[in-house]
Structure formats: C-alpha cells, structure tokens
Amino acid sequence: MILNHIWGLYAHPRSEWQTIEKRHESFMYSLVHILTMALIPSICGYYAAAHIGWSIGTSDVIKLTEASAAFISIAMYVALIAGVFALAYLIHWMAKTFDSTPNFTQSLELAAYTSTPIFMVGITSLLPILWFVALAGMVAISYSIYLLYSGVPIMMNIEEEKGFIYASSVVTCGLVLLVSIMAASALMWTMGFGPEFIS
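What comes next is a walk through the structure. (Residues numbered from 1 in each chain as written. Predicted model: local features only at pLDDT ≥ 70, side-chain atom pairs only at ≥ 80, totals over all residues. Heavy atoms only, no water.)

### Topic: the packing of aromatic side chains
Short version of the rule: The pairing test for Phe, Tyr and Trp rings, Trp by its six-membered ring, is centres within 6.5 Å, and the orientation test on the planes gives stacked under 30 degrees, edge-to-face over 60, and tilted for anything in between. Secondary structure follows DSSP: runs of H or I at least 4 residues long count as helices, runs of E at least 2 residues long count as strands, and numbering of each begins at the N terminus. Partly exposed describes any residue whose relative accessible area lies between the buried limit of under 20% and the exposed limit of over 50%, with all areas from a 1.4 Å probe on protein chains only and scaled to the type maximum.
This model, assessed by the stated rule, comprises eight aromatic pairs. Taking the centre distance of 6.4 Å and the plane angle of 25° together, the rings of Phe85 and Phe104 count as stacked. With Phe85 in helix α5 (residues 66-94) and Phe104 in helix α6 (residues 104-120), the pair connects residues that are 19 residues apart, well separated along the chain. Since its relative accessible area comes to 23%, Phe85 is described here as partly exposed. By relative accessible area, Phe104 is classed as partly exposed at 26%. Centre to centre, the rings of Phe98 and Tyr166 are 4.8 Å apart; their planes meet at 5°, and the pair counts as stacked. Of the two residues, Phe98 sits in the loop between α5 and α6 while Tyr166 sits in helix α8 (residues 160-193), which places them 68 residues apart along the sequence. Residue Phe98 is classed as buried on the basis of its relative accessible area, which comes to 11%. Each residue in the set Tyr10, Tyr143 and Tyr146 is aromatic and connected to the rest through ring pairs, giving one cluster.

Now the structure itself:
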C-alpha cells in the first residue's frame, strides 16, 4: 500500500525509519507516495480559495475565481513535487561529505517521508482561517524537521553525531529552497500571474 508508513512515522518514527531502511522500496513507490500526498494541499487549497473563502483577521472573507484558484493549485502541486525532488538531490549531493553513499532512491525516500507532515497539514485549509492554518503549518514543519533528524542517521547509515550535522545542513538548504520558491512566487505575481479575487 502506498501510504503504509504514515501511521508509523507519527506513532513510532525511529522504528518506522528502520523498517523503511530495511525495505528500500523502489523509485516508483516513492514517486507515487509524493504524487499522492501532494494532492492533499493542492485540492484542499483549491476548494478553500474558490468555494469557502479565506478569513484574514476581521475583514471580509476573500475568495478567488475558480480559474485562478485552479491555476494556483496546479502551480502549488508542481512546486511541492519539485521541492521534494530538490530536497532529495540536496540529501544525495551532501552524502559524500558525511561518508555516506546512498543511491538517489534512498535520498528520495528520506525526502518524501520527511515532507509527509507538511503535505498532510494541507487539510487544515478546509478551515481557512489564517492564524489556524499558519499555526498548524508551523507544527507540521517542526515535526518534519524532527523526522529528518531522526531519519538521517538510520537512512544514511551514519553515526548520530554526523547525522545531526548532516540533518542541520539539509534543514539550512531546505530553508533556502523554501525562500527561493516564495521569491519565485512573488516574481510570478508581478509578471501578471497573480490571483484574481471575487469582489
């Protein structure tokens, strides 16, 4: 089953990482996991923006046109998938520095399962209140970072001390990647690809 590791990553992450490391699923397995999980924030975000409307403070509810919400949701879907692959590339690229020799599929597994809480928190956009979604997002990011720190030593077969430094390097690069995606989004908005609001 595609999603068979999700409960384990929440209930007992370290032992679940060991199970994932022993099985070494195929590239296609990880890819299907990413493609499936990235649908959650994209579909929920579309529905919230086009049909429910976002509540920001005490102002009126803000809605987008269906076409605009669909465009942004598709762009989000592509960006999420690209972000996981970029994170996997960073994990793979930095491995030699820390005396680890994973193949790309192992790096993709680590990136995919580490990103799972961030994908799953997308369901909170069905209650589109800005402070609530932002708070839930911070919790999800924190748990993803915890999964990364607990998973790196196991998946990369290195000592805990090296794993901590390795994971810290990945987190730093991941934050740079996130800022880059946000900057690209802002640039796209200035080029005329911004949202269209319903008045």
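So, next bit.
### Some details on the environment of Val61
Note the threshold: Two residues qualify as a contact provided that any one of their heavy atoms is within 4.5 Å of a heavy atom in the partner residue.
With respect to the helices, strands and loops of the structure, Val61 is situated in the loop between α4 (39-52) and α5. Along the primary structure Val61 and Leu130 are separated by 69 residues, whereas in three dimensions their C-alpha atoms are 11 Å apart. Discounting chain neighbours no more than four positions away, the residues touching Val61 are Ile52, Gly53 and Trp54.

### Some points on helix α3 (residues 27-37)
Along an α-helix, a turn takes 3.6 residues, which lines up residues three or four apart on a common side. Taken together, the buried positions of α3 are Tyr29, Ser30, Leu31, His33, Ile34 and Met37. Contact partners of the buried residues in α3: α1 (6-11), α4, α5 and α6.

### Quick notes on the pattern of salt bridges
Stated precisely, the cut-off is as follows: Salt bridges are defined as contacts in which a side-chain nitrogen from Lys or Arg sits within 4 Å of a carboxyl oxygen from Asp or Glu.
Evaluated as defined, the whole model comprises two salt bridges. Between Arg14 and Glu160 there is a salt bridge; the shortest N-O distance is 3.8 Å. Pair noted here: Arg14 is in helix α2 (residues 13-23) and Glu160 is in helix α8, with a separation of 146 residues, a long-range link. Classification of Arg14 as partly exposed rests on a relative accessible area of 41%. The class for Glu160 is partly exposed, based on a relative accessible area of 47%. Among the salt bridges present, the one from Lys162 reaches Asp99, with a minimum N-O distance of 2.6 Å. Taken as a pair, Lys162 in helix α8 and Asp99 in the loop between α5 and α6 lie far apart in primary sequence, 63 residues in all.

### Quick look at α6
Short version of the rule: By this rule the span expected of a helix is its residue count minus one, scaled by 1.5 Å. Each residue is assigned a bend, namely the angle between axes fitted to the seven residues that terminate at it and the seven residues that start at it.
A rise of 1.5 Å per residue sets the reference length of α6, with its 17 residues, at 24 Å; its end C-alpha atoms lie 24 Å apart and thus fit the reference within 8%. Along its length, α6 reaches its greatest deviation from straightness, about 30°, at Thr114, and the proline Pro117 lies no more than four positions downstream. Among the 17 residues that make up α6, 13 are buried, leaving the element largely enclosed by the rest of the structure.

Nothing here speaks to function; it is geometry throughout.
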